[in-house]
Amino acid sequence: MSTVHSLVCFGGKDGRAVTASNSGGYLLLTATKNGVRSGLKVYFSGTLPGNIASTSTPYYLRNETIDTCTVYDTQAHAIAGGTTGKVILEVLAL
């Protein structure tokens, strides 16, 4: 079972609710028909999933499917894909 966080990400002035989950150890964001283009810069707010440094740090998305995207440290890494710069979802033991 994965940990789910409520995030506000892309989607206009008020943002959009997004589900964060673990996909093979990496952070996967899900929002129905999200319209994300690879390389999109985003900032996170609210409860941050593991390895997201702060609300003032920019991250970059890579479109994976119509409903999902992965998170990278730079725009170049997001556009290229692969594992370089891909944000690992840190799982904390309770």
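A brief structural summary. (Residues numbered from 1 in each chain as written. Predicted model: local features only at pLDDT ≥ 70, side-chain atom pairs only at ≥ 80, totals over all residues. Heavy atoms only, no water.)

## What to know about the overall build of the chain
On a plain count of helices and strands, the chain comes out with 1 helix and 7 strands. Along the chain direction, N to C, the helices and strands of the chain fall in the order β-β-β-β-β-β-β-α. Per-residue burial for the chain yields a buried fraction of 33% across its 94 residues. At a minimum sequence separation of 6, the contacts of the chain that also span at least 24 residues come to 43%. Summing over all exposed atoms, the chain offers an accessible surface of approximately 5500 Å²; the carbon and sulfur share of this is 53%. (Helix = DSSP H or I, 4+ residues; strand = E, 2+ residues; numbered from the N terminus. Buried < 20%, exposed > 50% of the residue type's maximum accessible area, 1.4 Å probe, protein only. Contact = heavy atoms within 4.5 Å. Areas by Shrake-Rupley, 256 points an atom, 1.4 Å probe, with all protein chains shown as cover.)

## Considerations on the environment of Ile66
Locating Ile66 in the fold gives a position in the loop between strand E6 (59–63) and strand E7 (68–72). Linking Ile66 and Gly35, residues 31 residues apart in sequence, is a C-alpha distance of 6.9 Å. Excluding residues within four positions of it along the chain, Ile66 makes contact with Ala31, Lys33, Asn34 and Gly35.

## A word on the pattern of salt bridges
All told, the structure shown has 1 salt bridge when counted by the stated rule. Between Arg62 and Glu64 there is a salt bridge, with its nearest N and O atoms 3.9 Å apart. Since its relative accessible area comes to 38%, Glu64 is described here as partly exposed. (Salt bridge = Lys/Arg side-chain N within 4 Å of Asp/Glu carboxyl O.)

## Looking at the nonpolar core
Among the nonpolar cores identified, the biggest contains 15 residues, and Leu27, Leu29, Phe44, Ile52, Tyr59, Leu61 and Val71 are the most heavily contacted of them. Taken together, the elements giving at least two residues each to this core come down to strand E2 (17–23), strand E3 (26–30), E6 and E7. (Core = buried A, V, L, I, M, F, W, Y, C linked by side-chain atoms within 4.5 Å.)

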